[in-house]
Amino acid sequence: MQPSGEASRRIAKLAAHLRPPNLQMEEKWWLRRSDCRAKGGAPGFKVAILGAAGGIGQPLAMLMKMNPLVSVLHLYDVVNSPGVTADLSHMDTGAVVRGFLGQPQLESALTGMDLVIIPAGVPRKPGMTRDDLFKINAGIVRTLCEGVAKCCPNAVVNLISNPVNSTVPIAAEVFKKAGTYNPKKLLGVTTLDVARANTFVAEVLGIDPRDVNVPVVGGHAGVTILPLLSQVNPPSSFTPEEIAYLTDRIQNGGTEVVEAKAGTGSATLSMAYAAAKFADACLRGLRGDAGIVECSYVASQVTELPFFATKVRIGRQGIDEFLPLGPLNEFERAGLEKAKKELAESIQKGVSFINK
Ligand SMILES: NC(=O)c1ccc[n+]([C@@H]2O[C@H](COP(=O)([O-])OP(=O)(O)OC[C@H]3O[C@@H](n4cnc5c(N)ncnc54)[C@H](O)[C@@H]3O)[C@@H](O)[C@H]2O)c1
Ligand SMILES: O=C(O)C[C@H](O)C(=O)O
């Protein structure tokens, strides 16, 4: 059946609204379509993902599009963000998705955001350490954080880009220089270490990983990843062999994936899952939910180091409370000393990068 005159006029108008008539019009097309869709948006938080077209960025964007706490989702990348945005915008969930491409659109991507998640940067290949990524990723994180300081200085930042042990201090220095630093709102994402620890411990205990909670403290690289197996919930005991196996597997979980991917990247899907879980915890904290406790690499006074990953309680203003390390056994105390030595160097490297 042919549509009526009025119906075909409405279809033509809608088609003109949604389709870029030519390449030069593409930017305006995105803006127009966003305006149109924003009218139906649900109340909630505004979230930006920087590096949204990458291996982590894409599945993370999908998971955040599915999060009912998100009303507006800004997807920024230096490549391919229009395609990812168009794709996700067809999901019939509440969040309005807008795409932003390249440095000239960074400020628009960030303005008004409540939470900024940063997975931008290069991943490891076999044989590399996370620190080998510093050369490229340090500059990327600096530029993006300068944008955050300018356009959404009150946003909570979830930093994923490696080496996290150095990129979080870099972000802190950028914010200090801009006069916007709020240590309660800068959180390095170490949730994947906890997810791995829960999974591997559950395998050893023969129980469901959803019933396991392993605190993982320190940082996010090799020996700085310190699982506290003496504090596993539910309370469990392990043989010395199990402790050696679990500690090694948790500390090298990232390398296990890098090697299995054989040069095509590092953990993306499990990381997107972990980042979405952590972002959801941050949003629930910002909403005012009680009892939101997560491990995260943050500015901290729990040890003598200026940054350290421990359990933190997240509330309306970001981090409400830094939970203490708790009692450590001898094996963990030795691990802590090793972790602190490497962390101190990584922190200093990040700080010097901004203040050189
Ligand atoms: N914290 C963690 O637990 C954890 C876990 C896994 C990966 N990572 C790290 O996350 C980062 C991203 O990993 P990936 O697998 O998604 O990499 P990827 O290469 O697949 O994606 C990175 C994305 O960042 C974009 N990008 C590069 N420069 C940018 C800039 N200046 N502004 C905005 N976007 C930019 C790229 O275009 C790309 O789309 C890596 O540094 C990786 O080591 C961290
Ligand atoms: O191992 C990597 O390089 C990526 C990430 O930090 C991870 O732990 O999987």
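No experiment lies behind these values; they were computed from the predicted model shown.

Peer 1: So what exactly am I meant to see when it comes to the UniProt feature "active site" (unreviewed entry) in the protein chain here?
Peer 2: Mapped onto the present numbering, the UniProt feature "active site" (unreviewed entry) falls at His-220. Summarising the element assignment, His-220 is placed in the loop between strand S7 (216–218) and strand S8 (225–227). In contact with His-220, other than residues within four places in its own chain, are Arg-130, Asn-162, Val-164, Asn-165, Thr-190, Asp-193 and Ile-225.

Peer 1: Help me understand the site of ligand 1, please; the structure alone is not making it clear to me.
Peer 2: Around ligand 1, 28 residues are found, and the nearest of them are Gly-55, Ile-56, Asp-77, Val-122 and Asn-162. Within the backbone of Gly-55, a nitrogen or oxygen atom sits 2.7 Å from an oxygen atom of ligand 1. Here Ile-160 contributes a backbone N or O atom positioned 3.1 Å from a nitrogen atom of ligand 1. Computed on the free molecule, ligand 1 has an accessible area of 870 Å², of which 86% lies beneath the protein chains in the complex. Contributing elements (two or more residues each) for the shell around ligand 1: strand S2 (70–77) and helix H6 (134–151). Per-element accounting of the shell around ligand 1 gives the leading share, three residues, to H6.

Peer 1: How should the site of ligand 2 be read in this particular structure?
Peer 2: All residues adjacent to ligand 2 are Arg-124, Arg-130, Asn-162, Leu-192, Arg-196, His-220, Gly-254, Ser-266 and Ala-267. Between ligand 2 and Asn-162 there is a distance of 2.8 Å, counted from an oxygen atom to a side-chain nitrogen or oxygen. Among the residues forming the shell around ligand 2, the class breakdown is two nonpolar, four polar and three charged. Residue contributions to the shell around ligand 2 reach at least three from each of two domains, namely domain 1 (41–188) and domain 2 (190–355).

Peer 1: Just to check I follow, could you spell out the pattern of salt bridges for this structure?
Peer 2: In a structure, side chains of opposite charge can pair up when their charged atoms sit close to one another. For the structure on display, the rule yields 11 salt bridges. Note that Arg-249 is salt-bridged to Glu-256, the shortest N-O span being 3.0 Å. On the accessibility criterion, Glu-256 (38% relative accessible area) is partly exposed. Residues joined in a network through salt bridges with shared partners are Glu-203, Arg-249 and Glu-256.

Peer 1: In this structure, what is going on with the nonpolar core? I would like to understand it.
Peer 2: In globular proteins that are soluble, nonpolar side chains generally tend to be buried together. Judged by nonpolar contacts, the single largest core of 48 residues is most densely connected at Leu-50, Leu-110, Val-116, Ile-118, Ile-170, Phe-175 and Tyr-297. Among the elements that make up this core, the one with the highest residue count is H6 (eight residues). Each of domain 1 (41–188) and domain 2 (190–355) accounts for three or more of the residues forming this core. Residue contacts for Val-116: discarding those within four places in its chain leaves Ala-48, Leu-50, Leu-110, Val-148, Cys-152, Ala-155, Val-156, Val-157 and Asn-158. Ranked by size, the runner-up nonpolar core spans 41 residues in total, among them Leu-88, Ala-272, Ala-274 and Ala-281.

Peer 1: For this particular structure, what's the right way to read the side chain of Asn-137?
Peer 2: If you trace the backbone, Asn-137 turns up in helix H6. On the basis of relative accessible area, Asn-137 is assigned to the buried category, the value being 0%. Discounting residues that sit within four places of it in the chain, Asn-137 has contacts with Gly-121, Val-122 and Asn-162.

Peer 1: Got a minute to help me understand helix H3 (residues 57–65) in this structure?
Peer 2: Note on helix geometry: an α-helix contains 3.6 residues per turn, so any two residues three or four positions apart are oriented the same way. Gly-57, Pro-59, Leu-60, Ala-61, Met-64 and Lys-65 are the residues of H3 that are buried. In this fold, the buried residues of H3 make contact with strand S1 (45–50), S2, helix H4 (81–88), strand S3 (96–101), strand S4 (115–118) and helix H11 (269–287).

Peer 1: I keep staring at the domain arrangement of the protein chain and nothing clicks. Help me out?
Peer 2: It is common to give the size of an interface as the accessible area that goes away when the parts come together. Taken as a whole, the protein chain is organised into domain 1 (41–188) and domain 2 (190–355). The C-alpha-based centres of domain 1 and domain 2 are spaced at 21 Å. At the junction of the two partners, domain 1 supplies 45 residues and domain 2 supplies 50 residues. Regarding the contact of domain 1 and domain 2, the summed buried area is about 3900 Å², with carbon and sulfur atoms giving 69% of it. The three residues of domain 1 that bury the most area against domain 2 are Arg-124, Arg-130 and Asn-165, which together make up 17% of that side's buried surface. For Asp-131, the salt bridge is made with Lys-349, and the minimal N-O distance between the two is 2.9 Å.

Peer 1: Help me understand the pairing of S4 in this model?
Peer 2: On a regular strand, one side chain projects to one face of the sheet and the next to the other, so that they alternate. Judged by which residues are buried, S4 turns out to be covered on both faces: Leu-115 and Ile-117 on one side and Val-116 and Ile-118 on the other are all buried. In this structure, S1 lies alongside S4, joined through three bridges in parallel fashion. Its bridge partner lying in S4, Ile-49 is registered against Ile-117. In terms of strand pairing, S4 meets strand S5 (residues 156–159) through four bridges, oriented parallel. Of the residues in S5, the one forming a bridge with Val-116 is Val-157. Handedness of the β-α-β unit built from S4, H6 and S5 comes out right-handed.

Peer 1: Would you mind going over the UniProt feature "domain: Lactate/malate dehydrogenase N-terminal" (unreviewed entry) in the protein chain with me for this structure?
Peer 2: Under the feature "domain: Lactate/malate dehydrogenase N-terminal" (unreviewed entry), the UniProt entry names residues 46–188. Annotated as 38% helix and 21% strand, the span residues 46–188 places its first and last C-alpha atoms 19 Å apart.

Procedures and definitions
- As a convention, each chain's residues are numbered from 1 in the sequence order in which they are written.
- In the order they appear in the text, chains get letters beginning with A and ligands get numbers beginning with 1.
- Local features are withheld for residues below a pLDDT of 70 in this predicted model, meaning they are given only at 70 or higher, and side-chain atom pairs are given and counted only at 80 or more; totals for whole chains, interfaces and linings count all residues.
- Computation of side-chain values: all heavy atoms of the structure, hydrogens and water removed.
- UniProt positions are given in the numbering used here, feature names are shortened, and annotations may be inferred rather than shown by experiment.
- Put simply, DSSP H or I for four residues or longer makes a helix, DSSP E for two residues or longer makes a strand, and each gets a number counted from the N terminus.
- Whether two residues touch is decided by their heavy atoms; if any such pair falls within 4.5 Å, the residues are in contact.
- What makes a residue near a molecule or strand is one non-hydrogen atom of that residue sitting within 4 Å of it.
- We call two N or O atoms a polar contact when they sit within 3.5 Å, provided that within protein one can donate a hydrogen and the other can accept it, with sequence-adjacent residues counted only if both atoms are side-chain atoms.
- Working definition of accessibility: Shrake-Rupley area with a 1.4 Å probe, residue cover restricted to the visible protein chains.
- In this count, Pro and Cys sit with the nonpolar residues alongside Ala, Val, Leu, Ile, Met, Phe, Trp and Tyr, while Asp, Glu, Lys and Arg are called charged and the others, Gly among them, polar.
- For the domain bounds, the source is a domain assignment made automatically or taken from a database.
- A pair is scored as a salt bridge if a Lys or Arg side-chain nitrogen falls within 4 Å of a carboxyl oxygen belonging to Asp or Glu.
- Partly exposed describes any residue whose relative accessible area lies between the buried limit of under 20% and the exposed limit of over 50%, with all areas from a 1.4 Å probe on protein chains only and scaled to the type maximum.
- Nine residue types can take part in a nonpolar core, namely buried Ala, Val, Leu, Ile, Met, Phe, Trp, Tyr and Cys, and a core is a set of them joined through side-chain atoms within 4.5 Å.
- By buried area we mean how much accessible surface two parts lose on assembly, using a 1.4 Å probe and totalling the loss over both.
- Two strands pair under a simple rule: DSSP has to find at least two bridges between them.
- A crossover counts as right-handed when, viewed with the strands pointing away from the observer, the path leading from the first strand over the helix to the second turns clockwise.

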